[in-house]
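Residue strings, one per chain:
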Amino acid sequence: MSDTSIYMDMHAHIIPGVDDGSQSIEESIEMMRQAYQENIRVIIATPHFGLRNPDYDREKAERILDDLRRIASEMFPDLHLFMGNELYYSYGILESLLEGKAKTLAGTKYVLVEFSPDTDYSEIRKAVNEFTWNGYWPIIAHAERCSSLTDHLEAVRTLVDKGAYIQVNCRSFLDGGSGAKRKRFGRNNGFYLEQRQDWSMKLLNAGLVHFIASDCHSSGMRKPIYQTAVDTIIMQGGEKELLKITKTNILGLIRNERI
């Protein structure tokens, strides 16, 4: 991989005041600056949609994203922002998507779908079928956090064979521990994220990671990272998969082509 590579972050909570991500325009500007330093040049904003964020206001989010675009055009002229959502899978979420209340990624057929970490495998498989039957291409958000998939490569492979794509958070490649480590994130103290570098690398080396993304929520503990993860993946011997993940698959997404 070239040191001058540029990247697209397709999972980012950078729109202020619409979910548990950025809380101010000033913080969003700092997040854009941090993303730029990580060689990110395209960001798809993915505010939470669904039960985790019942008060989400789509029009407000789109209006603020336009403000961020104007700011970016002055401060970071080659940084481009697009709209999407991170859909929390639950009853009625597909209908919200079909009705246009929820957004696909940058107007494509790709949809970013989040599952509760303890969701049963059968429920994830059912969801993948529902989205694909309705013409969407589901990307499982931070799949490394799904306990029913952890250490089950063939289960993940089955989902991929059924039409799912796998996204792993960049930060999950940075934890050097061999076991699951519970780390508290977020502005409240309500949840933990599992980060396992060994499991994330197993997924990657098996060819089962289609996208990596920052899943940034702030300019602090969960700031945008990407180049940092790429460098770590290379040091861990995963360079072979990176061209597909950071170039080929991203181009397919932007062009609305199946990868």
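Everything numeric in this text was worked out from a predicted model, so none of it was measured.

Peer 1: Honestly, the side chain of Q227 in this entry has me stumped. Any pointers?
Peer 2: Considering the arrangement of structural elements, one finds Q227 in helix α7 (residues 227–235). For Q227, the side chain forms a polar contact with the side chain of Y7, separated by 3.1 Å. Setting aside chain neighbours within four positions, we find Q227 in contact with S5, Y7, E38 and N39.

Peer 1: So what exactly am I meant to see when it comes to the sheet that holds strand β1 (residues 7–12) here?
Peer 2: Whenever strands of a sheet pair, they do so through backbone hydrogen bonds, lying parallel or antiparallel. In space, the three strands of this open sheet follow the order β1-β2-β4, with parallel pairing throughout. At either end of the open sheet lies a strand with only one pairing partner, and these are β1 and β4 (80–83). For this sheet, the mean inter-axis angle between neighbouring strands, taken without regard to orientation, is 20°. Two strands pair when backbone bridges link them, and β1 and strand β2 (residues 40–45) are joined in this way by four bridges, in the parallel orientation. Bridge pairing in β2 links Y7 to I40. The strands touched by helix α2 (residues 58–75) within the sheet are β2 and β4, with β4 carrying the most contacts at an inclination of about 175°.

Peer 1: What's the story with the packing of helix α4 (residues 121–133) against helix α5 (residues 153–161) in this structure? I'm lost.
Peer 2: A pair of packed helices is characterised by two quantities: the angle between their axes and the separation of those axes. Closest axis-to-axis distance for the α4/α5 pair is 10 Å, and the angle between their directions is 15°. Judged by the inter-axis angle, α4 sits roughly parallel to α5. Viewed along their axes, α4 and α5 form a crossing whose handedness is right-handed. Across the interface between the two elements, Y121, I124, R125 and V128 of α4 pack against A155, T158 and L159 of α5. Of the residues that constitute the contact of α4 with α5, the class distribution is five nonpolar, one polar and one charged.

Peer 1: Mind showing me how you'd approach the packing of aromatic side chains here?
Peer 2: Centre distance and the angle of the planes are the two values used to describe a pair of aromatic rings. The final tally for this structure, using the stated rule, is eight aromatic pairs. Between Y110 and F211, the ring centres sit 6.3 Å apart and the planes meet at 80°, which makes this aromatic pair edge-to-face. Separated by 101 residues along the polypeptide, Y110 in strand β6 (residues 110–114) and F211 in strand β11 (residues 211–213) bring together distant segments of the chain. As far as burial versus exposure is concerned, Y110 and F211 are alike and both buried. By way of ring pairs, the aromatic residues Y110, W137, Y165 and F211 are connected into one cluster.

Peer 1: How should the environment of G21 be read in this particular structure?
Peer 2: Following the sequence through the fold, G21 ends up in the loop between β1 and α1 (25–37). Given the relative accessible area of 0%, G21 is considered buried. Separated by 194 residues in the primary sequence, G21 and D215 place their C-alpha atoms 9.4 Å from one another.

Peer 1: Which parts of the structure should I look at to understand the side chain of N39?
Peer 2: Its location among the elements puts N39 in the loop between α1 and β2. With relative accessibility at 17%, the residue N39 sits in the buried group. Reaching out from N39, the side chain makes a polar contact with the side chain of Q227 at a distance of 2.9 Å.

So, how was this worked out
- Residues numbered from 1 in each chain as written.
- Predicted model: local features only at pLDDT ≥ 70, side-chain atom pairs only at ≥ 80, totals over all residues.
- Heavy atoms only, no water.
- Helix = DSSP H or I, 4+ residues; strand = E, 2+ residues; numbered from the N terminus.
- Polar contact = N/O pair within 3.5 Å; in protein donor to acceptor, adjacent residues only side chain to side chain.
- Contact = heavy atoms within 4.5 Å.
- Pairing = 2+ DSSP bridges.
- Axes fitted to C-alpha atoms, helices over the stretch in contact; angles between N-to-C directions.
- Parallel < 35°, antiparallel > 145°, perpendicular 65-115°, else oblique.
- Left-handed = near helix turned anticlockwise from the far one by under 90°.
- Nonpolar A, V, L, I, M, F, W, Y, C, P; charged D, E, K, R; others polar.
- Phe/Tyr/Trp six-rings, centres within 6.5 Å; stacked < 30°, edge-to-face > 60°.
- Buried < 20%, exposed > 50% of the residue type's maximum accessible area, 1.4 Å probe, protein only.

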